[in-house]
Amino acid sequence: MALTTEQCDLLLNVLSENNVKSQSFENLSTEVLKKFDQSDYFKVGSCLVVLLQQDLFEIPEQRLAAITLIYELYKGESIINSPFATVFIHLLNPPEHQSNVGAPKLEYPGQLPKLGAPEKHFIAQLISDIPKDAIMKKTPLQIINSDNVGPINIDLSAIQLAIAEKQSELPQTCRSAIPAILPFPEKSGKGNTVESDKKEDIAKKIVTNENLYRVYKPEFLTLMPPLHNAKDELVWLNVTTPKEHLIAYDTTMCVPNLAGQEARLLMQKAFKSALTIPQQQQLLHELDSEPKLVYHIGLTPSKLPELVENNPLIAIEVLLKLMQSKQITEYFSVLVNMEMSLHSMEVVNRLTTTVDLPTEFVHLYISNCISTCETIKDRYMQNRLVRLVCVFLQSLIRNKIINVQELFIEVQAFCIEFSRIREAAALFRLLKQLETGELGIGISSPTSNSVGKLDG
């Protein structure tokens, strides 16, 4: 997947000597990004890296322009995520390869060129987070001839750490590989300079060859494991006594797993209409058989009001099974804020007598019930709801589910406002008897404490 000959000519024309001396980095980058598709960016970057490694650029301006183009190909991403991040690390902080102290540095495969101070300062600005509009409008020649070079104030440790973590995930053989393209050894004396036209021919042959991406890796060698002694194994291959070996079939093979499917179908019906008694019993039986099935039957907090209005008994059992769920407070919140009705009060009353509900939940529900009774316009519905609320409050008080002292003023005002209704007057008398100690909470009252019986 190397560049084609036409693509190679386009890239080398952009990096021609006359072009890099007269054009700014911004113009060079724009020209390359227009001539190549995004799918070719990695191939272009790989070719530029190989040209840098083989020192096939005539002048330093071409080299600096090539490095800038490598960055511009992936400028929209963090430098850590660039496939050529190691190139910038090696350019700014080249590894030291010395045989001993005082000896000259040795060449090694894949070595990148040594840069001067102005070039290093430019690359440090390039990969940092500072705005780059000003430096990208300069030409490579201006950067190389610049005398205003400050220290390289960039922390490469984060980039180096991220690269080291990625490389640690690779096999040891991959990390020990070397490029398949090796530089020609330098010769001393005359005749060691390659002509310009020959360099261009060499560059074209390298970047258009499929060997561009090949590497030499050390062969992974390991000892041959000893042969396994298979004595007394694979007896079934030599069956001598058929009576000892009986064929066993898995009767559940290829049978679809329908566990919970019927429960989900029944729950979908329960959201829309009342279930029959056999259907309710079947749904509750499946929920009892599989405790975790309640999390997979399609009930969400937003669907709870529909279930409460159509099937309050199912809603009660489901909420009891969801008491340990992380979403139980969301279910409570929806139940408290839904429209007040006989079924919603039945659900709340059953929950309060079965489990310990949060006090703030019960108080909020009572306040909402009182508010609904005060704001409803229909006189008949208002009387009916007031009767329900009064019986509901008597049930809570007699079962010691709420502390009447915390709601005494609010409930007393409610009773006074609707004193024309018999149940409100009875609730008011109960409050007064509790206040004076004349009536114990455990003493029964002639008024029924069942919400369901009252509605009947």
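Relevant structure appears above.
Residues numbered from 1 in each chain as written. Predicted model: local features only at pLDDT ≥ 70, side-chain atom pairs only at ≥ 80, totals over all residues. Heavy atoms only, no water.

Observations regarding the overall build of the protein
The test is simple: Strands here mean DSSP runs of E at least two residues long; helices mean DSSP runs of H or I at least four residues long; both are numbered from the N terminus. The buried label goes to any residue with under 20% of its type's maximum accessible area, the exposed label to any with over 50%, and the partly exposed label to all in between, with areas taken from a 1.4 Å probe on protein chains only. Computed by Shrake-Rupley with a 1.4 Å probe, the accessible areas treat only the displayed protein chains as cover when residues are assessed.
Looking only at helices and strands, the protein features 23 helices and 2 strands. Per-residue burial over the protein gives 38% buried out of 456 residues. Per element, the accessible surface of the protein, about 27,800 Å² overall, is 53% carbon and sulfur.

Things to note about the pattern of salt bridges
Inclusion rule: Salt bridge, as used here: a side-chain nitrogen of Lys or Arg that lies within 4 Å of a carboxyl oxygen of Asp or Glu.
Following the criterion strictly, the structure yields 10 salt bridges and no others. Residues R63 and E119 are paired through a salt bridge, measuring 3.1 Å at the closest nitrogen-oxygen approach. Within this pair, whereas R63 is found in helix α5 (residues 60-72), its partner E119 is found in helix α7 (residues 117-127), the two being separated by 56 residues in sequence. Its relative accessible area of 6% is what places E119 among the buried residues. Salt-bridge contacts for E423 lead to R422; the nearest nitrogen and oxygen are separated by 3.2 Å. Ionic contacts of the salt-bridge type, sharing partners, join the residues R387, R422 and E423 into one network.

Observations concerning the nonpolar core
Inclusion rule: In this text, buried Ala, Val, Leu, Ile, Met, Phe, Trp, Tyr and Cys residues form a nonpolar core when linked through side-chain atoms within 4.5 Å. Domain start and stop positions are those given by an automatic or database domain assignment. Contacts are assigned to residue pairs with any non-hydrogen atoms lying within 4.5 Å of each other.
M267, L335 and I366 are the most contacted members of the largest nonpolar core, which has 64 residues in total. Among the elements that make up this core, the one with the highest residue count is helix α20 (residues 379-398) (9 residues). Residues from two domains meet in this core; each of domain 2 (255-336) and domain 3 (358-436) gives at least three. The residues touching L335, leaving out its near neighbours within four places in the chain, are L304, V308, L319, V347, V348, L351, F361 and Y365. In terms of nonpolar packing, the next biggest core, distinct from the first, is built from 55 residues, F25, V49, L112 and I159 among them.

Concerning the packing of aromatic side chains
What counts, and what does not: Two aromatic rings, drawn from Phe, Tyr or Trp (for Trp, its six-membered ring), form a pair once their centres lie within 6.5 Å of each other, and the interplanar angle then sorts them: stacked below 30 degrees, edge-to-face above 60, tilted otherwise.
By the definition in use, this model includes 7 aromatic pairs. Relative to F88, the ring of Y71 lies with its centre 6.3 Å away and its plane at 90°, an arrangement referred to as edge-to-face. Of this pair, Y71 sits in helix α5 while F88 sits in helix α6 (residues 85-92), and the two are 17 residues apart along the sequence. Each member of the pair, Y71 as well as F88, carries the same accessibility label: buried. A centroid spacing of 5.2 Å and a plane angle of 55° characterise the contact between F414 and F418, whose relative ring orientation is tilted. Among the aromatic residues, those joined into a ring-pair cluster are F42, Y74 and F84.

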